Amino acid sequence: MQASDLTSDYFELFALPVSFGVDGAALSERYRELQRVVHPDRFVNASDAERRLSMQLAARVNEGFRILKDPLARARYLLELKGVALDDTRLDGGFLMQQMELRERMDAVKGAVDAGQRLYELRDVICTLESQLLDELSSSFSDGSPQALQRARDASRKLQFFHRLGEEMAQLEDELAMS
Amino acid sequence: MALLQISEPGQTAAPHQHKLAAGIDLGTTNSLVATVRSGLAETLPDENGSHLLPSVVRYRLGLPPQVGEEARAALIEDPHNTISSVKRFMGRGLADICKGCSCSEYDFAEGAGSDSSVPRIRTVAGDISPVEASAEILKTLKACAEKTLDGELTGVVITVPAYFDDAQRQATKDAAQLAGLTVLRLLNEPTAAAVAYGLDRESEGVHVVYDLGGGTFDISILRLNRGVFEVMSTAGNTALGGDDFDHTIAQWLAGQAGLGAEMTVHKMRALRAEACRAKEALSDVESVSVAVPRDDGSVWQGELDREQLNALIDPLIQKTLSPCRRALRDAGIELDEIEDVVMVGGSTRSPRVRERVGEFFHCEVLVDIDPDKVVAVGAAIQADVLVGNKPDDEMLLLDVIPLSLGIETMGGLVEKVIPRNATIPCAKAQDFTTFKDGQTALAVHVVQGERELVSDCRSLARFELRGIPPMAAGAARIRVTFQVDADGLLSVTAREQASGVESSVQVKPSYGLSDSEIEQMLRDSMAHAEEDVAARNLREMQVEARRAIEALESALASDAALLSADERTRLDAALEDLRAKAEGSDHLSIKQAIEALNIASDGFAARRMDAGIHAAMAGHKLEEFS
């Protein structure tokens with residue numbers, strides 16, 4: 001492997017098998033090991049060439065770590081590696097209905113007397129739905145057939161919706177805490 | 001001018017020669033310099049035995065500026081020429097400064113006649129930019145350190161608030177350049193504090209650093225693991241600190257004493273000094289008497305007790321808690337995972353601050369290192385490692401950028417390219433396209449902030465990519481690459497993919513000094529010091545040459561086996577050439593020889609890096625891929 005050619009894939013860089021399931025502890029450990037070797041702090045007194053390379057590699061190790069530790073980013077990256085186009089999938093109507101309902105519930109939290117309780121319950125519901133999608137991703141990737149990869153793609157798109165919902169929930173939480 | 005020593009060809013300087021390095025905490029209220037001596041990090045006192053240099057600069061007519069205690073003493077009598085809390089103005093435009101409360105204290109001259117919009121303060125010694133005033137403080141610290149350590153500093157680590165944006169960081173680096181300092185790294189203040197505590201306690205796990213200084217507030221959440229300090233998230237407010245406590249108390253005092261809204265700068269500063277005194281006293285006692293002179297010459301006498309003080313500062317403390325909440329969420333951390341909270345900054349001396357922060361995080365607050373010194377001490381430890389005094393040290397700091405970076409798209413919206421709390425260094429490319437048929441230029445507007453509208457974010461820089469071949473709207477593929485280095489500083493490149501037309505900027509913030517202004521200031525300061533510009537250029541290039549030679553020699557000493565005989569011959573020739581040129585007096589030919597050496601050693605650098613990575617990952621490869 002030529003790590004410095006910056007084209008190896010992130011699994012290879014972190015010496016991990018190409019798979020959706022990633023051992024979080026091993027990933028973190030290798031992240032630290034790699035940074036100990038490539039980080040610019042190790043090259044303050046080195047040649048310009050080494051300093052430039054160190055910055056590029058450290059940036060790459062950071063990006064790889066960010067992608068591999070986050071299930072959604074990891075799923076999208078894996079699909080990319082397997083040549084599955086990510087854009088423009090049609091999501092089933094049932095899912096979109098469910099999203100709208102969740103959003104309505106979130107809007108109703110604002111100004112409710114039991115806002116804290118409602119938010120807690122909503123978070124619980126979202127958590128359950130998210131972990132179902134993660135299970136779906138996991139089984140689809142281990143199946144690996146073209147049809148399974150299409151399912152993985154749909155699941156990752158759905159997960160993106162939840163991701164955005166999560167961000168808005170966090171904002172709402174902030175507003176509640178401030179008031 | 002002292003001549004630099006360059007070793008004879010073939011001879012290397014002693015490998016573990018101790019280099020002088022320092023950590024500098026360039027604070028809003030006070031600044032400090034620290035260093036590691038005989039394995040111990042400590043702040044350095046000035047000739048009067050004081051470790052804290054007040055961050056105050058007084059400009060005088062025909063005399064060099066005063067810095068520190070002398071300048072502070074003149075704050076009230078000579079308010080217009082005496083600049084305090086200049087850190088609040090770093091990397092800021094006039095509009096930003098006036099949003100705060102202190103712009104009326106100074107007479108600002110908008111950057112007329114110069115090619116940037118840096119606000120300048122009118123003084124008897126001319127219009128002074130915040131960068132120049134900060135450089136005076138840095139020069140004083142540099143002189144103090146070099147005198148105490150009896151030698152020239154090889155490099156320094158300067159701390160900045162974690163929440164400083166790109167413009168504020170760049171301004172700090174510019175000030176260091178003006179002061180003649182080599183910056184090894186800009187280090188975030190909370191991270192520096194964590195280093196000072198972490199090495200002391202060898203504690204693993206998740207730690208919070210709550211840093212409330214004179215003018216800035218930072219919160220950082222870090223994970224410590226065998227010498228690696230991984231910052232998980234940071235948040236803060238670069239315009240909130242002890243100064244605001246003073247201001248609030250001063251307003252209360254003015255109200256109690258029945259002073260009118262009209263107030264001279266002189267009175268305002270006197271009132272704030274009284275407020276600050278009362279606040280500090282109340283950290284130890286329950287009640288303190290206060291006195292305020294009235295307009296009619298009489299003096300109002302009163303009492304300020306802790307309860308009243310708490311009522312006054314509680315809203316300000318409350319303002320620090322929402323960044324705390326955001327940092328927790330961004331780190332994905334629950335309260336019960338936190339080991340402790342490190343308290344940093346003079347304002348955390350306030351018992352009320354300690355109480356409220358302990359309550360919020362449900363855990364112990366650590367106050368056992370002097371909150372004024374802890375940042376400088378951490379910076380000194382990092383400087384010692386970076387300069388190469390501890391080659392086997394395991395310490396590594398992995399920090400983040402505090403605010404998202406993006407570019408303006410159609411309709412004044414921001415497209416984020418790098419999200420906040422991304423670990424640095426980082427690089428990210430994103431493709432954009434043209435809006436009109438036949439469009440041949442593209443304006444790139446770089447912004448920083450979390451909001452969706454460009455107008456709500458900080459404008460960092462604008463540049464244009466020209467010479468795009470005419471194409472239908474949407475057909476061009478323009479790749480914009482953001483790169484943030486380990487100091488948290490951004491550079492941006494734009495490239496049209498089909499034609500290869502390229503344009504790049506080292507982001508020079510909208511409210512920063514231009515390169516030519518810095519150059520001019522350097523010339524001016526050298527004229528003062530009667531130093532020769534050419535001599536300085538030569539000296540700097542010789543230092544650079546020595547660095548390049550040493551770097552390659554040490555690489556060859558450990559990894560010469562990676563080179564073929566032919567490559568080795570070429571490298572040696574380039575090295576020899578540089579050694580010879582460095583003895584001469586032509587700084588341009590030295591520069592060329594350094595560049596030639598860099599080119600010759602490019603492949604070697606890559607191979608060494610690969611070998612390092614292979615060695616680190618070797619154990620894992622066997623178990624998984626065999």
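Throughout what follows, the structure given in this document is the object of discussion. As the structure is a computational prediction, the values presented were derived from the model and not from experiment.

### Brief notes about the overall build of chain B
Scanning chain B from terminus to terminus reveals 15 helices and 28 strands. Buried residues in chain B amount to 54% of all 626 residues. For chain B, restricting intrachain contacts to residue pairs at least 6 apart in sequence, the fraction spanning at least 24 positions comes to 66%. A total accessible area of about 27,000 Å² is found for chain B, and carbon and sulfur atoms account for 49% of it.

### A look at the overall build of chain A
Looking only at helices and strands, chain A has seven helices and zero strands in total. In sequence order, the secondary structure elements of chain A are arranged as α-α-α-α-α-α-α. Against the compact-globule benchmark of 16 Å for 179 residues, chain A has a radius of gyration of 20 Å, which places it well outside the compact range. Overall, chain A is about 60 × 45 × 30 Å in size when its C-alpha atoms are taken along their principal axes. Residue pairs in contact within chain A that sit at least 24 positions apart in sequence constitute 67% of those at least 6 positions apart. For chain A, the exposed surface amounts to about 8,800 Å²; the carbon and sulfur share of it is 49%.

### As for the interface of chain B and chain A
Counting residues at the interface gives 49 residues for chain B and 48 residues for chain A. Of the roughly 4,300 Å² buried where chain B meets chain A, counting both sides, 55% is carbon and sulfur surface. Inspection of the region where chain B meets chain A yields seven salt bridges. Joining chain B to chain A, the criterion identifies 16 residue pairs in polar contact (both at pLDDT 80 or more). Among the elements that take part in the side of chain B that touches chain A, helix H15 (residues 602–625) of chain B stands out by supplying 16 residues, more than any other.

### Section: the sheet that holds strand E25 (residues 458–466) of chain B
Residues and elements named next belong to chain B. With respect to topology, four strands assemble into an open sheet ordered E22-E21-E24-E25, the strand pairing being antiparallel. Looking along the sheet, the strands with just one partner apiece sit at the ends: strand E22 (413–418) and E25. Each adjacent strand pair in this sheet contributes to an overall mean axis angle of 30 degrees, direction not counted.

### Quick notes on the side chain of B:Thr43
All names here are of chain B. Assignment of secondary structure puts Thr 43 in strand E3 (residues 40–43). Here Thr 43 falls in the buried class, since its relative accessible area comes to 8%. Separated by 2.7 Å, the side chains of Thr 43 and His 51 make a polar contact. The contact partners of Thr 43, leaving out residues within four places of it in the chain, are Leu 32, Val 33, Ala 34, His 51, Lys 373, Ala 376 and Val 377.

### Topic: the sheet that holds strand E5 (residues 56–60) of chain B
For sheets, the rule is that strands pair by backbone hydrogen bonds, running either parallel or antiparallel. Residue and element names in this part refer to chain B. Judged by pairing direction, the sheet is antiparallel, and its three strands sit side by side in the order E6-E5-E7 without closing on themselves. The open sheet has two edge strands with one neighbour each: strand E6 (63–67) and strand E7 (82–84). Strand-to-strand, the axes of this sheet are offset by a mean angle of 15 degrees, without reference to chain direction. Here three bridges tie E5 to E6, and the two strands are oriented antiparallel to one another. Bridged to Arg 60 within E6 is Leu 63. Across the sheet, helix H3 (residues 130–149) lies against E5, E6 and E7, angled at about 105 degrees from E5, the strand it touches most.

### Side note on the pattern of salt bridges
With the rule as written, the count across this model stands at 56 salt bridges over all chains. Notably, a salt bridge pairs A:Asp143 with A:Arg151, separated by 3.8 Å at the nearest N-O pair. One salt bridge in this structure joins B:Arg420 and B:Glu450, with 3.3 Å as the shortest N-O distance. Of this pair, B:Arg420 sits in the loop between E22 and strand E23 (426–432) while B:Glu450 sits in the loop between strand E24 (441–448) and E25, placing them 30 residues apart in sequence. For B:Glu450, a relative accessible area of 21% puts it in the partly exposed group.

### Quick notes on helix H7 (residues 265–281) of chain B
Given 3.6 residues per helical turn, the α-helix brings residues three or four places apart onto the same face. All names here are of chain B. Here H7 is 17 residues long and its end C-alpha atoms lie 24 Å apart, about the 24 Å a rise of 1.5 Å per residue gives. Among the residues making up H7, those that are buried are Val 265, Met 268, Arg 269, Leu 271, Arg 272, Glu 274, Ala 275, Ala 278 and Lys 279. Tucked into the core, H7 has its buried residues touching E7, helix H6 (242–257), strand E16 (287–293) and strand E17 (299–305).

### Topic: the packing of helix H3 (residues 48–69) of chain A against helix H4 (residues 71–81) of chain A
Residue and element names in this part refer to chain A. The N-to-C vectors of H3 and H4 enclose an angle of 105 degrees; their axes lie 5 Å apart at closest approach. By the angle between their directions, the pair H3 and H4 is classed as roughly perpendicular. Contacts between H3 and H4 pair Ile 67, Leu 68 and Lys 69 from the former with Pro 71, Ala 73, Arg 74 and Tyr 77 from the latter. A per-class count over the contact of H3 with H4 returns five nonpolar, no polar and two charged.

### What to know about the state of the cysteines
Residues and elements named next belong to chain B. Applying the stated criterion across every chain, the model contains zero disulfides over all chains. The closest cysteine sulfur to the non-disulfide-bonded Cys 457 is located on Cys 426, 17 Å from its own sulfur. Judged by its relative accessible area of 12%, Cys 457 is buried.

What counts, and where the lines are drawn
- Numbers given to residues run from 1 along each chain, matching the order in which its sequence is written.
- Chains carry letters and ligands carry numbers; both start at the beginning, A for chains and 1 for ligands, and go up in the order they are written.
- The predicted nature of this model means local features are confined to residues of pLDDT at least 70 and side-chain atom pairs, given and counted, to a pLDDT of 80 or more, with totals for whole chains, interfaces and linings taken over all residues.
- Side-chain descriptors were evaluated using all non-hydrogen atoms of the structure, hydrogens and water having been removed beforehand.
- Secondary structure elements follow DSSP: runs of H or I no shorter than four residues count as helices, runs of E no shorter than two count as strands, and numbering proceeds from the N terminus.
- Using a 1.4 Å probe on the protein chains alone, a residue whose accessible area is under 20% of its type maximum counts as buried, one over 50% counts as exposed, and one in between counts as partly exposed.
- In what follows, residue pairs with any heavy atoms lying within 4.5 Å of each other are defined as contacts.
- Computed with a 1.4 Å probe, the accessible areas rest on the Shrake-Rupley method; for each residue, only the protein chains presented here act as cover.
- Just to be clear, the radius of gyration here is over C-alpha atoms, and the globule rule we use is 2.2 Å times residues to the power 0.38.
- Summed over both partners, buried area is the accessible surface (1.4 Å probe) that two parts give up on being assembled.
- Put simply, a salt bridge is a Lys or Arg side-chain nitrogen that is within 4 Å of an Asp or Glu carboxyl oxygen.
- Definition of a polar contact: a pair of N or O atoms within 3.5 Å, with one able to donate and the other able to accept a hydrogen when the atoms are protein atoms, and with sequence-neighbouring residues admitted only if both atoms are side-chain atoms.
- Paired strands, in this sense, are two strands between which DSSP finds at least two bridges.
- As a rule, the C-alpha atoms of each element are fitted with a line to give its axis, helices using only the stretch in contact, and angles between N-to-C directions run from 0 to 180 degrees.
- The span expected for a helix works out to 1.5 Å for each residue beyond the first.
- To sort the angles, those under 35 degrees are grouped as roughly parallel, those over 145 as roughly antiparallel, those from 65 to 115 as roughly perpendicular, and the leftovers as oblique.
- Basically, the charged four are Asp, Glu, Lys and Arg, the nonpolar ten are Ala, Val, Leu, Ile, Met, Phe, Trp, Tyr, Cys and Pro, and anything else, Gly included, counts as polar.
- Counting rule for disulfides: a pair of cysteine sulfur atoms within 2.5 Å.

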